[in-house]
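Here's the letter readout for the chains.
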Amino acid sequence: MKTGRTIPALMIHVFLFITCSSFIPTPGAMRYMYSIIYNGKKIGRVSLLQQKDQQHQFISIHTTASVKKIVTFDVLSRDEAMFDNGVLMWSSVYREVNGKEHENKKTKLNNSNYDLHNGDNKTTLSGKITGNMINLYVNEPANEKQIYSDSHQQFVNVSQTAPHVYAIDLPDGSHNTYQYTNNVCSKVSISTRFYDISFELEK
């Protein structure tokens, strides 16, 4: 089921690499590390940073991973998001595969709508976004029915399947499961018809 041809899709759609050069962490920042598990092997690591005060919240995830399957696939992703009083102000998603741009998307609040940029294309989205995919790592979506996917630039449904376990079906056909311990995501499982991968919180 898992062949060499599936690796680019795997790397493109699930690896997150988030940086923010203008955001300087304070001593109160929370940091978490995850191991990336694919085919029973650790292939990388995720470093997550959460920075917040009474009004603002910034979440970043820095991921490094490499898969060798006939050839080597290296992926860089840079995603970032800022919330103000629980409302998403802006986010961006940028991905490269072996040095070539694959995805470049931005979401920015503009009065009562969001401007959505996908490369050179621009659309709008109505309403306020109070939760997105990045936010799932540090906030259990106990009362959420929908969250915003920054990569797909649309809302997706959230369903609780067990105590502190939530499932999301994404437009690309993948199925994500998030498990929580003390309001922090302890494991993310991602399944498609081609592969299974997980991010597991290191103790």
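Residues numbered from 1 in each chain as written. Predicted model: local features only at pLDDT ≥ 70, side-chain atom pairs only at ≥ 80, totals over all residues. Heavy atoms only, no water.

Below, the discussion takes up the packing of aromatic side chains. One pass over the full model with this rule turns up 3 aromatic pairs. With centroids separated by 5.7 Å and ring planes inclined at 85°, the aromatic side chains of Tyr34 and Tyr137 adopt a geometry described as edge-to-face. On the criterion of sequence distance, the pair formed by Tyr34 in strand E1 (residues 30-38) and Tyr137 in the loop between strand E8 (121-126) and strand E9 (146-149) is long-range, its members being 103 residues apart. An identical accessibility class is assigned to Tyr34 and Tyr137; each is buried. With a centroid separation of 5.9 Å and 65° between ring planes, the pair formed by Tyr148 and Phe155 is classed as edge-to-face. By relative accessible area, Tyr148 is classed as buried at 0%. (Phe/Tyr/Trp six-rings, centres within 6.5 Å; stacked < 30°, edge-to-face > 60°. Helix = DSSP H or I, 4+ residues; strand = E, 2+ residues; numbered from the N terminus. Buried < 20%, exposed > 50% of the residue type's maximum accessible area, 1.4 Å probe, protein only.)

Should their charged atoms come close, side chains of opposite charge can pair. Enumeration over the complete set of coordinates arrives at 4 salt bridges. Notably, a salt bridge pairs Arg45 with Glu202, separated by 2.7 Å at the nearest N-O pair. Pair noted here: Arg45 is in strand E2 (residues 41-52) and Glu202 is in the segment after strand E15 (196-201), with a separation of 157 residues, a long-range link. The exposure class assigned to Arg45 is partly exposed, which follows from its relative accessible area of 38%. A salt bridge links Arg95 to Glu103, with the shortest nitrogen-to-oxygen separation between them at 3.2 Å. Taking relative accessible area as the criterion, Glu103 reaches 9% and is therefore assigned buried. Through salt bridges with shared partners, a single network forms among Lys42, Arg45 and Glu202. (Salt bridge = Lys/Arg side-chain N within 4 Å of Asp/Glu carboxyl O.)

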